[in-house]
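Descriptive analysis of the structure
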Amino acid sequence: CCCCCCCCCCCCCCCCCCCCCCCCRRLPIVQGGSFAYISPVLAIAAQIKATHTFASEQERFLFTMREVQGGIIGSGLIVMVIGLTGVIRPVLRAISPITVAANIAVLGLALYAVGFPGVAGCPQLGLMQIGWVILFSQYLKGVAIPLPRGLGKLRVFELFPVLLGILLSWFIAWLLTISGNYNSAAPEVQAACRTDQSSVLYNSPWFRFPYPGQWGPINISWGGTLTMLAGALPAMVESLGDYFAAADIAGAPVPPPGVISRAIALQGATCALAGAWGTTSGTTAYNENIGAMQITRVGSRRVIQLGAVCAVIMGLIGKFGGLFASMPNAMVSGLFCVMFGCICAVGLAQMQFADQRSNRNIFILGFSLYMGLSIPYYFGDFTTKNGSGPIQSSSLIFNNIFNSIFHTPAAVALLLTLFLDNTIPGSDQERGLHVWRTLVLDAEGKQTDWWEDDHLNRVYGLPFNGTRLYQR
């Protein structure tokens, strides 16, 4: 179980010491740092640099970190309130399989820029990584290795395709590096191919224990909170698609709105904890973990919980993070090609519940997917060329929030599908809502709450029958 879980989590957990397994939502999901927070953090840093004077760069760094920490904590608490109050439940009840299909699929498609372009930097290594994973997960998945002493057989290729692919590719890359094959190559080729490009392994300490307030007294302000909310809201939207995808892969029922609200509240709490511990990012559900679950077909909560504990322990070992930092870029991009492709396919598979021959559904899905990629590309390209997003009002906080939202593919796809799917006429059967009932029927055919259904309560109820005890 431990090896299988490390396979699921290694590509995303080892680089961030703030990692947790979200058991309160009762799905095999791992939370970790989110790229959605990069733009708000840079906005805070730029504003501080332009409006403050410091005696040294170290002093400016500490002041910026304390401001970012306060913003992450404040925005995390707002997200937690959104989940606890249930204000998002009306939106969740309007979600259909079409909305979820577009939201999940765009999560994988939106990361095309980090896929094959990275593989092309060192094609012999990147293509090898792709080939190993495909070979083990698809062609050799039925091959079982006999265990000693008559203990049976183990389908090692089906269980550990990603881990085996990483180890083999890494070993070959190391041999090519020490044999001098890349000594005369261009710098960009060496960065993509060599295993000794990073000095992090040598400079990182063996052990490092982060603690709350390690950068000094935390500064919580409304300006920092609202700016970081521009990252917290898109990260929350991205997690919505992961909840449905994880449920589908694990064979669990569709998560009821109350369960998703509980998950959002937990995500807000983990964001606040991440800020208190001194990170520069809040948390979100990891897409990479969803892709690994699809490839390995491992969706056990116990496995993910054990893997999360291992990830936290490994996050305290500086050398372990440095070791993974030495992984060639082409290998990472090769893994992305396989995993993010699986995420896209998991999303499109949700259309099985809706009428796939309906022109209405085809239009909504196609339009939302295309615009979910096109609009964020425009916002990103505009920001790169002009230094700020296309939304420019007199309020910097307003600009940061909405530029970040429209720069996030999952947020754009969710907004478009929610609007179109709930305004264009269509029957429940056509939309797939007849399958996704959040209320169940009792023995007399009357509607009742989800926790009264034994199967739903066993999957999504709190441990020790806590949900029914709380509701009563």
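Residues numbered from 1 in each chain as written. Predicted model: local features only at pLDDT ≥ 70, side-chain atom pairs only at ≥ 80, totals over all residues. Heavy atoms only, no water.

1. A word on the overall build of the protein
- The helix and strand tally for the protein stands at 23 helices and seven strands.
- Rg of the C-alpha trace for the protein: 23 Å, near the compact-globule value of 23 Å for 472 residues, within the 12% margin.
- For the C-alpha atoms alone, the extent of the protein along its principal axes is close to 75 × 70 × 45 Å.
- Looking at the protein as a whole, 50% of its 472 residues qualify as buried.
- Within the protein, contacts between residues at least 6 apart in sequence are counted, and of these 78% link residues at least 24 apart.
- Here the protein contributes 27 positive and 21 negative side-chain charges, whose respective centroids are spaced 7 Å apart. (Helix = DSSP H or I, 4+ residues; strand = E, 2+ residues; numbered from the N terminus. Rg over C-alpha atoms; globule rule 2.2 N^0.38 Å. Buried < 20%, exposed > 50% of the residue type's maximum accessible area, 1.4 Å probe, protein only. Contact = heavy atoms within 4.5 Å. Lys, Arg positive; Asp, Glu negative; His and termini not counted. Charge placed at Lys NZ, Arg CZ, Asp CG, Glu CD.)

2. Quick look at the state of the cysteines
- Within the structure shown, the criterion is met by one disulfide.
- Paired through a disulfide, Cys122 and Cys193 show a sulfur-sulfur distance of 2.0 Å. Across the S-S bond of Cys122 and Cys193 the torsion is about 125°, and the bridge reads as right-handed. Residue Cys122 is found in the loop between α6 (116-119) and α7 (123-139), and its partner Cys193 is found in helix α10 (residues 187-193); the two are separated by 71 residues along the sequence. As far as burial versus exposure is concerned, Cys122 and Cys193 are alike and both buried.
- In this model Cys344 remains outside any disulfide bridge; the closest cysteine sulfur is found in Cys342, 9.8 Å from its own.
- Relative accessible area serves as the criterion here: at 12%, Cys344 is assigned to the buried category. (Disulfide = S-S within 2.5 Å.)

3. Notes on the nonpolar core
- Core analysis: the largest hydrophobic core is formed by 70 residues, its most contacted members being Met236, Leu240, Tyr243, Ile260, Ile264, Ile290 and Tyr460.
- The biggest single contributor to this core is helix α12 (residues 222-250), with 15 residues.
- Contact partners of Met236, with chain neighbours within four places excluded, come to Val79, Ile82, Ile88, Ile264 and Gln267.
- Counting 22 residues, the second largest nonpolar core, distinct from the first, contains Cys122, Leu125, Ile130 and Val162. (Core = buried A, V, L, I, M, F, W, Y, C linked by side-chain atoms within 4.5 Å.)

4. Describing empty space enclosed by the protein
- The full count for this structure, using the stated rule, is two cavities of 30 Å³ or more.
- Computed from the structure, the second largest cavity encloses a volume of approximately 30 Å³.
- Where the lining of the second largest cavity is concerned, the elements lending two or more residues are α5 (97-109) and α12.
- Considered class by class, the residues forming the lining of the second largest cavity number five nonpolar, three polar and no charged. (1 Å grid on protein atoms, 1.4 Å probe; cavity = no way out; pocket = protein on both sides within 12 Å on 5 of 7 lines; lining within 4 Å. Points joined across faces, edges and corners; volume = space filled by probe spheres on them. Nonpolar A, V, L, I, M, F, W, Y, C, P; charged D, E, K, R; others polar.)

5. Some details on the packing of aromatic side chains
- Scanning the model with the defined rule gives 11 aromatic pairs in all.
- Both rings, one in Phe136 and one in Phe157, keep their centres 5.3 Å apart while their planes meet at 20°; by these two values the pair is stacked. A residue pair is termed long-range when its members are at least 10 positions apart, and Phe136 in helix α7 and Phe157 in helix α8 (residues 156-159) qualify at 21 residues.
- Here Phe136 falls in the buried class, since its relative accessible area comes to 5%.
- Aromatic side chains Phe171 and Trp174 sit 6.1 Å apart centroid to centroid with 35° between the ring planes, which places their arrangement in the tilted category. In this pair, Phe171 and Trp174 are both assigned in helix α9 (residues 161-178), three residues apart and thus about one turn of the helix distant.
- Look at Phe171 and you get partly exposed, because its relative accessible area is 46%.
- Using a relative accessible area of 41% as the deciding quantity, one classes Trp174 as partly exposed. (Phe/Tyr/Trp six-rings, centres within 6.5 Å; stacked < 30°, edge-to-face > 60°.)

6. Structural notes on the confidence of the model for the protein
- Here the protein averages 82 in pLDDT, while 90% of its residues score no lower than 70.
- Note that residues 1-21 has pLDDT below 50 and, in this model, 58 contacts with residues that lie over four places away or in other chains. (pLDDT = per-residue confidence, 0-100.)

7. Looking at the packing of α5 against helix α20 (residues 409-423)
- Axis separation between α5 and α20 bottoms out at 9 Å; the angle between their running directions is 165°. One element, α5, and the other, α20, form an angle in the roughly antiparallel class. For the element pair α5 and α20, the recorded crossing hand is right-handed. Side by side, α5 and α20 meet where Ile98, Thr99, Ala102, Asn103, Val106 and Leu107 of the first sit next to Pro409, Ala410, Ala413, Leu414, Thr417, Leu418 and Asp421 of the second.
- Class assignment of the residues belonging to the contact of α5 with α20 gives a composition of nine nonpolar, three polar and one charged. (Axes fitted to C-alpha atoms, helices over the stretch in contact; angles between N-to-C directions. Parallel < 35°, antiparallel > 145°, perpendicular 65-115°, else oblique. Left-handed = near helix turned anticlockwise from the far one by under 90°.)

8. Considerations on the environment of Ser137
- By secondary structure assignment, the location of Ser137 is in helix α7.
- Here Ser137 falls in the buried class, since its relative accessible area comes to 6%.
- In this structure, the C-alpha to C-alpha distance between Ser137 and Leu159, residues 22 residues apart in sequence, is 8.0 Å.
- What Ser137 contacts, discounting residues up to four positions off in sequence, is Phe157, Pro161 and Ile295.
- Within polar-contact distance, the side chain of Ser137 engages the backbone oxygen of Val133 at 2.6 Å. (Polar contact = N/O pair within 3.5 Å; in protein donor to acceptor, adjacent residues only side chain to side chain.)

9. Quick notes on α12
- Across its 29 residues, α12 extends 40 Å between first and last C-alpha, which sits within 8% of the 42 Å expected from 1.5 Å per residue.
- The axis of α12 is deflected most strongly, by about 35°, at Leu229.
- With 24 of its 29 residues buried, α12 lies for the most part within the structure.
- The distance from a side-chain oxygen at the start of α12 to the backbone nitrogen of Gly224 is 3.2 Å, and the residue carrying that oxygen is Ser221.
- Immediately beyond the C-terminal end of α12, within one or two residues, lies Gly251, with a positive phi of roughly 75°. (Expected span 1.5 Å × (residues − 1). Bend = angle between axes of the 7 residues up to and from the residue.)

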